[in-house]
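Results of the structural survey
One-letter residues, chain by chain:
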Amino acid sequence: MSKFFSSPVLVFVAAIALRVVLFFYGLWQDGNSPMKYTDIDYYVFTDAARFTANGGSPYDRETYRYTPLLAWMLWPTTWSSTWFSFGKVLFAVGDIVAGWLIFLVLQDSNKMSTEQALKFASIWLLNPMVATISTRGSSEGLLGVMVIALLWAILQKQIYVAGFLLGFGVHFKIYPFIYAPSIIWWLDDERLGLRKASSSKTDLISLATNFCNGARIKITLASLLTFMLLNTVMYSVYGWDFLQHTYLHHVTRIDHRHNFSPYNTLLYLNSSAPGTSIIQLESIAFLPQLFLAAFALPLMLAKKDLPSTMLAQTFAFVSFNKVCTSQYFLWYMVFLPFYLPNSSLLARKYVGLTAALLWVATQALWLQQGFQLEFLGKSTFVPGLFLAGTLFFLTNAWILGIVVSDIGAGRTQFHVE
């Protein structure tokens, strides 16, 4: 095993082989089983690509809620039936590239040995859940590339590159905007190796002037320009449909299928009788989520350990989101290799094992209730699904508390020179 992890070639060949096996197994299952391997979202993506290829809009496909860029990327799926699985290959390649970037960050920025870096990068590279989700046709592998490339660029102090990646990532999937406060807060003069001029002034103007160093201004302008340019182009082509389906829809969405969130039952009730609720839950559920993920955690933790803070932010964002599906778990799993090496979850194995078991068990409980609802037609919303969603949320809140405590106490020790 030590020899295996001492060779990047062996690890990456194994990661590729895992995805190749799952890819071909998926083709077999789709052709031979009533329960399909391919994710329903993949059919949404490819339908949108077909509409675009035929001169229409990706939003002609009902339930397409993404940037047109994704449909454009999947244009080859419209060429022939042979090319239909092109997107799955693209997403799986994204997984591998994200894993390579994780390996580079662990080696270059945290000074890990090759063997150590490969072991922790394998949390992503050799994770069956990660490989399965991408080969089923979920686009999360592309997001993994974007956010880890963003982290790499920041740690390498490639500010303009980071600004472009941040703006592009937010355009592509919105949620990476939560990383902006952490990155801005992290980019202080001390971190950049600049000598800060001493000043006795404490008025707001002086404090603001001292805060706005070159790196913070550059990344802000680069990310905003990238984001606005992409949005302007898409709006000029697709008009209001682009804004409504790519951005505004997510404020009022009431999806309850495959939703692990404790909001699930309330969203179901709202969807069955829209407009009858005194408080439109779907419009305010984001408030505690954003307070934690985009304000409190960056302010408290970012300067201590940026990669682990990005994990904590994403974990909070997903756990408190009104819609929480399995694909979203990959958003924070991609940061685990940076947090785990010196964490309490590994240092105190009983804590880590308990956390893993509870995380899996509460998901399994929800899935069992969901199976009865969707496949057997039994009404399990209350107490089954609600209880399972609440237990899963409480488990996530407990794990988040451990992560925040570790970062705050300096246990994660991710060093950047």
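The present account deals with the structure reproduced in this document. What you see is a predicted model, and the numbers here were worked out from it, not measured in a lab.

Helix and strand counts for the chain stand at 22 helices and 0 strands. Computed over C-alpha atoms, the radius of gyration of the chain comes to 22 Å, within 12% of the 22 Å expected from 2.2 N^0.38 for 417 residues, which places it in the range of a compact globule. In terms of principal-axis extent, the alpha carbons of the chain reach across some 70 × 55 × 50 Å. For the chain, the proportion of its 417 residues judged to be buried stands at 50%. Of the contacts made within the chain by residues no fewer than 6 positions apart, 73% connect residues no fewer than 24 positions apart. Counting every atom, the chain has about 19,400 Å² of accessible surface; 68% of that belongs to carbon and sulfur. A distance of 5 Å separates the average location of the 27 positive side-chain charges in the chain from that of its 21 negative side-chain charges.

Before going further, it helps to examine unusual backbone geometry. If you check the backbone angles, K157 has positive phi at about 60° while not being a glycine. The phi dihedral of I174 falls on the positive side, at around 65°, and the residue is not glycine. Looking at the element boundaries, I174 is found in the loop between α9 (159–173) and α10 (179–186). We classify I174 as partly exposed; its relative accessible area is 24%.

Taken together, W72, W75, W79, W83, L229, V233 and V237 make up a surface patch of nonpolar side chains, about 710 Å² in accessible area. Broken down by element, the nonpolar patch gets its largest block of residues, 3 residues, from helix α12 (residues 214–238). Looking at where W83 falls in the secondary structure, it is placed in the loop between α4 (68–73) and α5 (86–108). Exposure remark for W83: the relative accessible area of 38% places this residue in the partly exposed category.

This part takes up the pattern of salt bridges. Within this structure, the stated rule accounts for 7 salt bridges. The partner of D95 in a salt bridge is R19, and the shortest N-O contact between them spans 3.4 Å. In this pair, D95 is assigned in helix α5 and R19 in helix α2 (residues 8–32), connecting sequence segments 76 residues apart. Both residues of the pair, D95 and R19, count as buried. Linking K88 and D30 is a salt bridge whose minimum nitrogen-to-oxygen distance equals 3.8 Å. Note that K88 is positioned in helix α5 and D30 in helix α2, a separation of 58 residues in sequence. Residue K88 shares its accessibility class with D30, and that shared class is buried.

This paragraph deals with the environment of K88. Relative accessible area serves as the criterion here: at 2%, K88 is assigned to the buried category. Expressed as a C-alpha distance, the spacing of K88 and R136, which sit 48 residues apart in the sequence, is 6.7 Å. Not counting chain neighbours up to four residues away, the residues in contact with K88 comprise F23, D30, T38, Y42, S134, T135, R136 and G137.

All right, on to the nonpolar core then. Ranked by internal contacts, the top residues of the largest apolar core, which has 107 residues, are Y64, L70, I154, Y179, F329 and F335. Those residues in contact with F335 that lie beyond four places of it in its chain are V147, I148, L151, Y179, P307, M310, L311 and T314.

What counts as what
The residue numbering used here restarts from 1 in each chain and proceeds along that chain's sequence as written. Where totals are concerned, whole chains, interfaces and linings use all residues; where local detail is concerned, this predicted model gives features only for residues with pLDDT of at least 70, and gives and counts side-chain atom pairs only at 80 or more. Working from all heavy atoms in the structure, the side-chain values ignore hydrogens and water. Under the DSSP-based scheme used, a helix requires at least four consecutive residues in state H or I and a strand at least two consecutive residues in state E, with every element numbered from the N terminus. Our radius of gyration is a C-alpha quantity, and the globule rule it is checked against amounts to 2.2 Å times the number of residues to the power 0.38. Burial classification: accessible surface area is computed with a 1.4 Å probe over protein chains only, and a residue below 20% of its type maximum counts as buried, one above 50% as exposed, and the rest as partly exposed. A contact between two residues is defined here by any heavy atoms of the two lying within 4.5 Å. Surface accessibility in these figures is a Shrake-Rupley result with a 1.4 Å probe; residues are shielded only by whichever protein chains are displayed. By the counting scheme adopted, Arg and Lys are positive, Glu and Asp are negative, and His together with the chain ends is not counted. The location of each charge is read from NZ of Lys, CZ of Arg, CG of Asp or CD of Glu. Residues enter patches when their relative accessible area tops 30% and they take part in no salt bridge; the joining distance is 9 Å for like charges and 5 Å for the nonpolar side chains Val, Leu, Ile, Met, Phe, Trp and Tyr. For this analysis, a salt bridge means a side-chain nitrogen from Lys or Arg found within 4 Å of a carboxyl oxygen belonging to Asp or Glu. To qualify as a nonpolar core, a set must consist of buried Ala, Val, Leu, Ile, Met, Phe, Trp, Tyr and Cys residues joined through side-chain atoms within 4.5 Å.

Everything listed here is a matter of geometry and, on its own, says nothing about what the molecule does.
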